[in-house]
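A look at the structure
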Amino acid sequence: MDDAIVHCTKGIGIWGWASTHPDTEPDVVLGCAGDVPTMETLAAVDLLRSHFPDLSIRVVNVVDLL
């Protein structure tokens, strides 16, 4: 819950728990904002992980568009 409060307060953030190899430069950055795009992005990460396990993925979520 504390992480969610910090994320929503900032309005944007990298989701380390959904990313792969969070300490390296990513091969792909997936960004999302809104409930449905976020779910689709997480589904895309799941597919990419299963088909390309060595791919470095970073997930960025935007809460506040203003």
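Counting restarts for each chain: residues are numbered from 1 in the order of the written sequence. Thresholds applied to this predicted model are a pLDDT of at least 70 for local features of residues and 80 or more for the giving and counting of side-chain atom pairs; totals over whole chains, interfaces and linings are not thresholded and use all residues. To get the side-chain values, take all heavy atoms of the structure and skip hydrogens and water.

**Brief notes about helix α2 (residues 35–51)**
Since there are 3.6 residues in each turn of an α-helix, residues three or four apart along the chain are aligned in direction. A rise of 1.5 Å per residue sets the reference length of α2, with its 17 residues, at 24 Å; its end C-alpha atoms lie 25 Å apart and thus fit the reference within 8%. Partly exposed describes any residue whose relative accessible area lies between the buried limit of under 20% and the exposed limit of over 50%, with all areas from a 1.4 Å probe on protein chains only and scaled to the type maximum. In DSSP terms, a helix is any run of H or I states spanning at least four residues, a strand is any run of E spanning at least two, and both are numbered starting from the N terminus. Within the sequence span of α2, burial applies to T38, T41 and V45. Take α2 and look down its axis: the buried residues cluster within an arc of 60°, on one side only. Turned more than 90 degrees away from the buried face of α2, the exposed residues are V36, M39, E40, D46, S50 and H51. We call two residues contacting when some pair of their heavy atoms lies within 4.5 Å. The inward-facing, buried residues of α2 contact β2 (28–33) and β3 (57–62). Take the number of residues in a helix, subtract one, and multiply by 1.5 Å to get its expected span. Note: the arc covers the axis-to-C-beta directions of the helix.

**As for the sheet that holds β3**
Here 3 strands make up an open sheet; going across it, the order is β1-β3-β2 and the pairing mixed. Two strands close off the open sheet at either side, each with one partner strand: β1 (12–14) and β2. Taking each pair of neighbouring strands and ignoring which way they run, the sheet shows an average axis angle of 20°. Whether two strands pair comes down to DSSP finding at least two bridges between them. In this sheet, β3 lies alongside β2 in parallel orientation, the contact comprising 6 bridges. Of the residues in β3, the one forming a bridge with L30 is V59. Here the axes come from fitting lines to C-alpha atoms, over the contacting stretch only for helices, and the angles between their N-to-C directions go from 0 to 180 degrees. Against the sheet, α2 engages β2 and β3, with an angle of about 155° to β2.

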